[in-house]
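# Examining the three-dimensional arrangement
Spelled out, the chains give:
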Amino acid sequence: MFGNTLIMSARKTLYMLMILGVIFSTFGTAQAREINASILPGGTAQVQIDNEVFASLEQKGEARVIINLRDPVSIAAPSSERESAVARIQGSVLGRLTPQDFRVIRQYVNVPALAGHLTSSGLNVLMSDPNVASIDIDQMGAGHLSESVTALGADVVHSNGYTGQGVTVAVLDTGIDTDHLDLSDDLVAQHCFTDSQCKPGSTAEGTSAEDENGHGTNVSGIISSGGVVSSVGFAPDASIVAVRVLDANSSGWVSDWLAGLDWIRTNQGTLGVDVINMSLGTFALYSGHCDADNSSVANVVAQLNSLGIVIFASTGNQGSATQMAMPACLSGVVAVGATFDSDLGREPDSGTYQDVFGGSWPACANDTTNLQTITCFTNSNSVMDIVAPGARITASGMGGGTSTYMGTSQASPTAAGIAALMLQASPGLSPATIEATLKSTGTSVTDAKNGLSFPLINALAAVNAVNTTFTDVPSSYWAYDYIERLYAAGITSGCSASPMMYCPLAPVTRAQMAIFILRGEHGSAYTPPAATGTVFSDVTTSTFGAAWIEQFASEGITSGCGNGMYCPDANVTRAQMAIFLLRGKYGSAYVPPVATGVFTDVPVGSFAADWIEQLASEGITSGCGGGNYCPNAEVTRDQMAVFLVRTFNLP
């Protein structure tokens, strides 16, 4: 084995030397390594070349490749700027190549890359082009071949009114049964990129994503089936953009997948995609994040992420305990493995998955099958993010019926469907927030193959976590209940209306405090008398909260901050808060009992000591920890919510 590896390496390196002979004679020196790279004149740049490119050139005289160009603009550049810059750099590279050097298959709009057939003469040209970053073999891959909705609580989410309405999911797969009763009303756009199999006409690109395999229809049904023929999907009212990138055998080229993602990026202004599902992967597996090995796909994924699109992909079904397929291995993609959707007994009934399915399926079986069991065929390593039910899943089938599949292909759309529910409940969630929420609300399950643990996602828990009034106060936030009660009582509408935010860690000013306490005291409908502008020298009739500040003083809750001023923009301390709250609750004549020294940092006789201890005596505060009260610390808006709810017994 070791000897064969050395022979293969030596053979590839020798062939590379033969190909690069012109470069050697022209520039005098070049490097030929197993990680193949050419140093350009002056040592300015390197072109990284996949070893499989050389192998294909040696065996076939040409190689089907993806030429990764250096990105001329930032990932977040405006579309018009990016598209023109990418076109210029592509034109520059193509301008140096003849039809004998390179035959174009794909020229992308937003991705700095080209795909096509490359000859040795073309490689010779590209090795000296400063616009070329790397050259990869164009890999092949395939699709990663109903009780889960209920098991993950999606039925309860549906009953609560969340069905994916207003959310658009793009499915890159074998296409979709366009007139299936479960799916036809969800389909809003379609396109095709395959190796001359797009309909009609057997072209490389087309406007029809009609499914000729069934895999994509099943995947789409898991996401958005309306439940007419098959069981209801996770997000039955979500819209579907079907992008066919796999052929009738559920196989395809990475260059076509890249074209599908590039098409979404280019047409995002019209499509409005929120979620992308890719239940497919390369035959080649990767041990960690694979962005460097698939730079053009990583580039467009980063662009889509920057537009707020979350991307899910299946890890693959080879049963690896250390590797998984691309695109799941990309850092910008949520990698999804599979569990069983219920207790199915032994799977398969006899023999192994390899015996039943053949191909690259592993020679293993699962004696125990339930929702908490990760299938032994799931590729997993430390880069896998989450798991979801993927065996066996019955959903919409090609030809208008149903189909039953098992694989990580079925787990990924489960996650995509749940993401659609989350986005309906809380529009504008970032990809990072969606991923983090799915992880934090899941239950931990362990893969027996490698001992690693992963979150088993749950629709109800995930939606509940984001279904909050304020986007910056998730249900897991320590003061969530108090902030929600404060909002429900009409005391505050937050710090931002679009999106709805509360700013829980922002300090509370004295002007804000006047409003909060008077509303807590009198109710949300209360409106104070108009301000006169004569009470405090620094509070005119146009000062924010002026009417509230003057009423605050009129009720004897405050006499200002000294020298006839109120200091409306000064932040309130915890000591001041104690006085304001208790005077607001009991009136200006109230005097608390004498302090006894409850908190170590509030000695008897110190400012507001009596008020602070009374606040603690009534259970409104227990201090700031460690036996302290932190009297001089500024009050934050989350703390304020707790103080107000407890002081005025808000429901």
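Reading the values: rules and limits
- Residues numbered from 1 in each chain as written.
- Predicted model: local features only at pLDDT ≥ 70, side-chain atom pairs only at ≥ 80, totals over all residues.
- Heavy atoms only, no water.
- Axes fitted to C-alpha atoms, helices over the stretch in contact; angles between N-to-C directions.
- Helix = DSSP H or I, 4+ residues; strand = E, 2+ residues; numbered from the N terminus.
- Parallel < 35°, antiparallel > 145°, perpendicular 65-115°, else oblique.
- Left-handed = near helix turned anticlockwise from the far one by under 90°.
- Contact = heavy atoms within 4.5 Å.
- pLDDT = per-residue confidence, 0-100.
- Expected span 1.5 Å × (residues − 1).
- Buried < 20%, exposed > 50% of the residue type's maximum accessible area, 1.4 Å probe, protein only.
- Disulfide = S-S within 2.5 Å.

## Some thoughts on the packing of helix α17 (residues 510-522) against helix α19 (residues 574-586)
One can describe the packing of α17 onto α19 by two numbers: an axis separation of 10 Å at closest approach and a directional angle of 30°. Taken together, the axis directions place α17 and α19 in an arrangement best described as roughly parallel. Classified by chirality, the crossing of α19 by α17 is right-handed. For the pair α17 and α19, contact is made by Arg510, Met513, Ile517 and Glu521 and by Gln576, Met577, Phe580, Leu581 and Gly584, respectively.

## Digging into the confidence of the model for the chain
Detailed reading of predicted coordinates is not advised where the pLDDT is low. Looking at the chain, pLDDT values average 90 and 92% of them are 70 or higher. Low confidence marks residues 1-44, where pLDDT is under 50. Its contacts with residues over four positions away, or in another chain, come to 57 contacts.

## A word on α17
The periodicity of an α-helix, 3.6 residues per turn, causes residues three or four places apart in sequence to face the same way. Across its 13 residues, α17 extends 18 Å between first and last C-alpha, which sits within 8% of the 18 Å expected from 1.5 Å per residue. Taken together, the buried positions of α17 are occupied by Arg510, Ala511, Met513, Ala514, Ile515, Phe516, Ile517, Leu518 and Gly520. Looking at the packing, one finds that the buried side of α17 touches α18 (546-554), α19 and α21 (637-647). Looking one or two places after α17, you find Gly523, whose phi comes out positive at around 105°.

## Details of the state of the cysteines
Under the definition given, this model contains six disulfides. What pairs with Cys290 in a disulfide is Cys329, and their sulfur atoms sit 2.0 Å apart. Here the disulfide of Cys290 and Cys329 is right-handed, its torsion about the S-S bond being about 80°. Of this pair, Cys290 sits in the loop between β15 (285-286) and α11 (295-306) while Cys329 sits in the loop between β17 (324-325) and β18 (334-340), placing them 39 residues apart in sequence. Classification of Cys290 as buried rests on a relative accessible area of 0%. One disulfide in the model links Cys624 with Cys630; its S-S distance is 2.0 Å. Between Cys624 and Cys630 the disulfide shows an S-S torsion of about 75°. By sign, it is right-handed. The class of Cys630 is partly exposed, set by a relative accessible area of 28%.

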